[in-house]
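# Per-entry structural report
Here is what each chain is made of, one letter per residue.
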Amino acid sequence: MAKLYPYIFSEDARKQAEFYAQALNGEIVNVLTFAEAPNMPEELKDKVMHLVLQAAGITFFMADAEEDVERGAALDLTLEFSTEEEARNAFTKLSEGGKVIMPFEKAFWGAMFGRVEDKYGIRWQIVTEHE
């Protein structure tokens, strides 16, 4: 059995993780910088090598990208919530500074559903448990 952890590369992992911690009622539980690794260039010392964020019952990994971040449209992160209130709150907060792709509303299959691209270019599907 495997576990899947979203690993998000960022231009500023700390700032982006703080946004997700606030939006998804989470917390940053660990930050490892390049300064803690042996033989790293001085200019990387304050950059995030590995960050652990726990939010919405999920563990996310993040790091500062060493090259330009390119986002693609081939992957969404999907969060399923047990209540509409939790889902709507996450959708609203993730939408701040981003763009709504599909409004959060009742879907034909009975659940509440919406898609958003956050201000960092990450696409999210927010859904409630199926009725």
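Computed from a prediction, not measured in an experiment: that's the story for all the values here.

The rules we used
- Along each chain, numbering runs from 1 in the same order as the chain's sequence is written.
- Thresholds applied to this predicted model are a pLDDT of at least 70 for local features of residues and 80 or more for the giving and counting of side-chain atom pairs; totals over whole chains, interfaces and linings are not thresholded and use all residues.
- Only hydrogens and water are set aside; all other atoms, that is, all heavy atoms of the structure, feed into the side-chain values.
- Think of it this way: any DSSP run of H or I at least four residues long counts as a helix, any run of E at least two long counts as a strand, and we number them from the N terminus.
- Burial here depends on accessible area, computed with a 1.4 Å probe over protein chains only, as a share of the maximum for the residue type. Under 20% is buried, over 50% is exposed, and the range in between is partly exposed.
- Contacts are residue-level and defined by heavy atoms, with any inter-residue pair within 4.5 Å sufficient.
- Whether two strands pair depends on DSSP finding at least two bridges between them.
- Axis geometry follows a simple rule: fit a line to the C-alpha atoms, using only the stretch in contact for helices, then measure angles between N-to-C directions, giving values from 0 to 180 degrees.
- Each cavity reported here is a set of points on a 1 Å grid over the protein atoms alone in which a 1.4 Å probe fits but cannot get out, each pocket an open set with protein on both sides within 12 Å along at least five of seven lines, and each lining residue one with an atom within 4 Å of a point.
- Grid points are joined across faces, edges and corners, and a volume is the space filled by probe spheres set on the points.
- Under the grouping applied here, Gly and all other residues not named as nonpolar or charged are polar, the nonpolar ones being Ala, Val, Leu, Ile, Met, Phe, Trp, Tyr, Cys and Pro and the charged ones Asp, Glu, Lys and Arg.
- Any angle that falls under 35 degrees is termed roughly parallel, while one over 145 is termed roughly antiparallel, one within 65 to 115 roughly perpendicular, and all others oblique.
- In a left-handed crossing the near helix is turned counterclockwise from the far helix by less than a right angle, and in a right-handed crossing that turn is clockwise.
- Side-chain rings of Phe, Tyr and Trp, where Trp is taken by its six-membered ring, are said to pair if the distance between their centres is within 6.5 Å; with planes under 30 degrees apart they count as stacked, over 60 as edge-to-face, and otherwise as tilted.

Looking now at the environment of Met102. Its place among the elements puts Met102 in strand S6 (residues 99-106). Residue class for Met102 comes out partly exposed when judged on its relative accessible area of 37%. Spatially, the C-alpha atoms of Met102 and Glu18 are 25 Å apart, while their sequence positions differ by 84 residues. With residues up to four places along the chain from it excluded, the contact list for Met102 reads Phe91, Phe113, Gly114 and Arg115.

Another point: the sheet that holds strand S7 (residues 112-117). Spatially, four strands are ordered S5-S8-S7-S6 in an open sheet, and the strand pairing comes out mixed. Each having just a single partner strand, strand S5 (77-81) and S6 make up the two edges of the open sheet. The average angle at which neighbouring strand axes cross in this sheet is 15°, direction not considered. When S7 meets strand S8 (residues 123-128), the two strands line up antiparallel, connected through five bridges. Each bridged residue has a counterpart across the sheet, and for Gly114 the counterpart in S8 is Ile126.

The space that makes up the largest pocket amounts to roughly 490 Å³. Breaking the lining of the largest pocket down by element, the ones donating at least two residues are strand S1 (7-10), strand S4 (58-64), S5 and S8. Of the residues assigned to the lining of the largest pocket, the class counts are 15 nonpolar, three polar and six charged.

Next up on the list: the packing of helix H1 (residues 13-23) against helix H2 (residues 84-95). One way to put it is that H1 packs onto H2 with a least axis distance of 9 Å and a crossing angle of 150°. Considering their axes alone, H1 and H2 lie roughly antiparallel with respect to each other. Considering how the two elements wind past one another, H1 and H2 form a crossing that is right-handed. Residue-level inspection shows Phe19, Tyr20, Gln22 and Ala23 of H1 in contact with H2, the latter providing Ala90, Lys93 and Leu94. Split into classes, the residues belonging to the contact of H1 with H2 amount to five nonpolar, one polar and one charged.

The next thing to look at is the packing of aromatic side chains. Inspection of every chain in the model, using the stated rule, returns 11 aromatic pairs. Ring centres of Phe19 and Tyr120 lie 5.7 Å apart, and the angle between their planes is 65°; on these two criteria the pair is classed as edge-to-face. Placement of the pair is Phe19 in helix H1 and Tyr120 in the loop between S7 and S8, with a sequence separation of 101 residues. Here Phe19 matches Tyr120 in class, with each residue buried. Taking the centre distance of 5.4 Å and the plane angle of 65° together, the rings of Trp109 and Phe113 count as edge-to-face. By relative accessible area, which is 34% here, Trp109 ends up partly exposed. By way of ring pairs, the aromatic residues Phe19, Tyr20, Phe60, Tyr120 and Trp124 are connected into one cluster.

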